[in-house]
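Working through the structure, step by step
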Amino acid sequence: MREPLIPMIGVVTDIRVDTPDVKTFRVVGLDGKKPFIHIPGQCAMLSVPGIGEALFSITSSPTDEEYLEFSIKKCGCVTEWLHAMEPGQQITIRGPYGNGFPVDTDFAGKDLLFIGGGIGLAPLHSVINYCRANRSKYGKIDIVYGSRSKQDLVDFEEILNVWCKEDGINVHLTIDNPQPDWDGHVGFVPSFVKELNPDTSKTVVMCGPPIMIKFTLDGLMELGFERTNIYTTMELRMKCALGKCGRCNIGNKYVCKDGPVFRFDQLDELPDEY
């Protein structure tokens, strides 16, 4: 069995430009195979030797058996190097880390509401595509996704050409401000969710900027949702992914060991640091 703490060499076989500052990287091992098996919501550490390493959500579904994908926003030293790469170049990769979403237990048989903002779609992408691939296990799927502009919507082509065309899946898109080439909804995600007035029996999976999560959660509470039915992921708190550096410690929990996926009632038991 492979040791998850020891990096392996990965090859970037494909790079897709999603937005002006987000690219999706497809990675395989030196043998051309998927580096490891994961659960939706888990993360991996990518490293550019001599530059540094950083933790990213795995955005491909476990049902993609030939590769791993990572949608990465350019926002620092490591990500700038990754964005400058070309297909065929090598990186190192280790993982998977953290606990994933309970897709085969708590989510089974439920109607699901996914709420994403900006690059927050990245960790949701894996869960959504896993549910799509195992469609009979789940009820109706609603996806609410927003970003600053049309150009900043991650995976926009897949959303339009695949998700929007499937039975039992309803996609609701919004952007922050009007623009000439957009005829869809305009407004922030929290207010859009309240406008849509979703059924409170749905299980909610939410990821995005902290301010979006805060106001969306407030709106869901006003609508009557239970905190035991709302999940989020906190991988941005993680650093070493091993429970050693302490950066992700909140109260008696380590996000990398006990998360990054949490229900909001579990977060209520922790100090107000998140």
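Throughout what follows, the structure given in this document is the object of discussion. (Residues numbered from 1 in each chain as written. Predicted model: local features only at pLDDT ≥ 70, side-chain atom pairs only at ≥ 80, totals over all residues. Heavy atoms only, no water.)

Points about the environment of P7
- Checked against the element boundaries, P7 lands in the segment before β1 (8-19).
- Taking the C-alpha atoms as reference points, P7 and H38, 31 residues apart in sequence, are found 16 Å from one another.
- Residue contacts for P7: discarding those within four places in its chain leaves T92, I93 and R94. (Helix = DSSP H or I, 4+ residues; strand = E, 2+ residues; numbered from the N terminus. Contact = heavy atoms within 4.5 Å.)

Things to note about the pairing of strand β3 (residues 43-48)
- Most of β3 is tucked away, with 6 of its 6 residues classed as buried.
- Alternating residues of β3 divide into C43, M45 and S47 and A44, L46 and V48, and every residue in both groups is buried.
- Here β3 pairs with strand β4 (residues 52-57) via 6 bridges, running antiparallel. Bridged to M45 within β4 is L55.
- One ladder, built from 4 bridges, connects β3 with strand β6 (residues 90-97); its direction is antiparallel. Bridged to S47 within β6 is T92. (Buried < 20%, exposed > 50% of the residue type's maximum accessible area, 1.4 Å probe, protein only. Pairing = 2+ DSSP bridges.)

Some thoughts on the packing of aromatic side chains
- Under the defined criterion, the tally for this structure stands at 3 aromatic pairs.
- When the ring of F101 is compared with that of F107, the centres are 6.3 Å apart and the planes differ by 35°; the resulting orientation is tilted. Comparing F101 with F107 shows no difference in burial state: the two are buried.
- Centre to centre, the rings of F156 and W182 are 6.5 Å apart; their planes meet at 45°, and the pair counts as tilted. Of this pair, F156 sits in helix α3 (residues 156-161) while W182 sits in the loop between β9 (169-175) and β10 (185-186), and the two are 26 residues apart along the sequence. For the pair shown, F156 and W182 are each scored as buried.
- An aromatic cluster is defined as three or more aromatic residues linked by ring pairs; in this entry it consists of F101, F107 and Y231.
- Against the face of Y67 rests R26, its NZ or CZ located 3.8 Å from the ring centre.
- The ring of F215 has K214 lying over it, and the distance from NZ or CZ to the ring centre is 5.7 Å. (Phe/Tyr/Trp six-rings, centres within 6.5 Å; stacked < 30°, edge-to-face > 60°. Lys NZ or Arg CZ within 6 Å of the ring centre and 35° of its normal.)

Description of helix α4 (residues 189-196)
- Restricting attention to buried positions, one finds in α4 the residues V189, P190, F192 and V193. Along α4, the residues classed as buried sweep out an arc of 165° about the axis, all on the same side.
- Here the buried face of α4 lies against β7 (112-117), β8 (141-147), β9, β10 and α5 (210-223).
- Positioned one or two residues after α4, N197 has a phi angle of 50°, which is positive. (Arc of directions from axis to C-beta.)

Observations concerning α5
- Its 14 residues place the ends of α5 20 Å apart at the C-alpha level, agreeing with the 20 Å of an ideal helix rising 1.5 Å per residue.
- Within the span of α5, buried status applies to M212, I213, T216, L217, G219 and L220. Along α5, the residues classed as buried sweep out an arc of 165° about the axis, all on the same side. Facing away from the buried side of α5, by more than 90 degrees, are the exposed residues P210, I211 and E222.
- Elements in contact with the buried residues of α5: β7, α4, β11 (203-207), β12 (230-233) and α7 (264-267).
- Positive phi shows up at G224, right after α5, with a value of about 110°. (Expected span 1.5 Å × (residues − 1).)

Things to note about the sheet that holds β8
- Spatial strand order, β10-β9-β8-β7-β11-β12-β15: 7 strands in an open sheet with mixed pairing. Each edge of the open sheet is held by one strand with a lone partner, namely β10 and β15 (261-263).
- Note that β11 and β12 share 3 bridges and pair parallel. Its bridge partner lying in β12, M206 is registered against T232.
- Against the sheet, helix α2 (residues 121-133) engages β7, β8, β9, β11 and β12, with an angle of about 155° to β7.
- Contacts between α4 and the sheet are confined to β7, β8, β9 and β10, with β9 contributing the most and set at about 140° to the helix. (Axes fitted to C-alpha atoms, helices over the stretch in contact; angles between N-to-C directions.)

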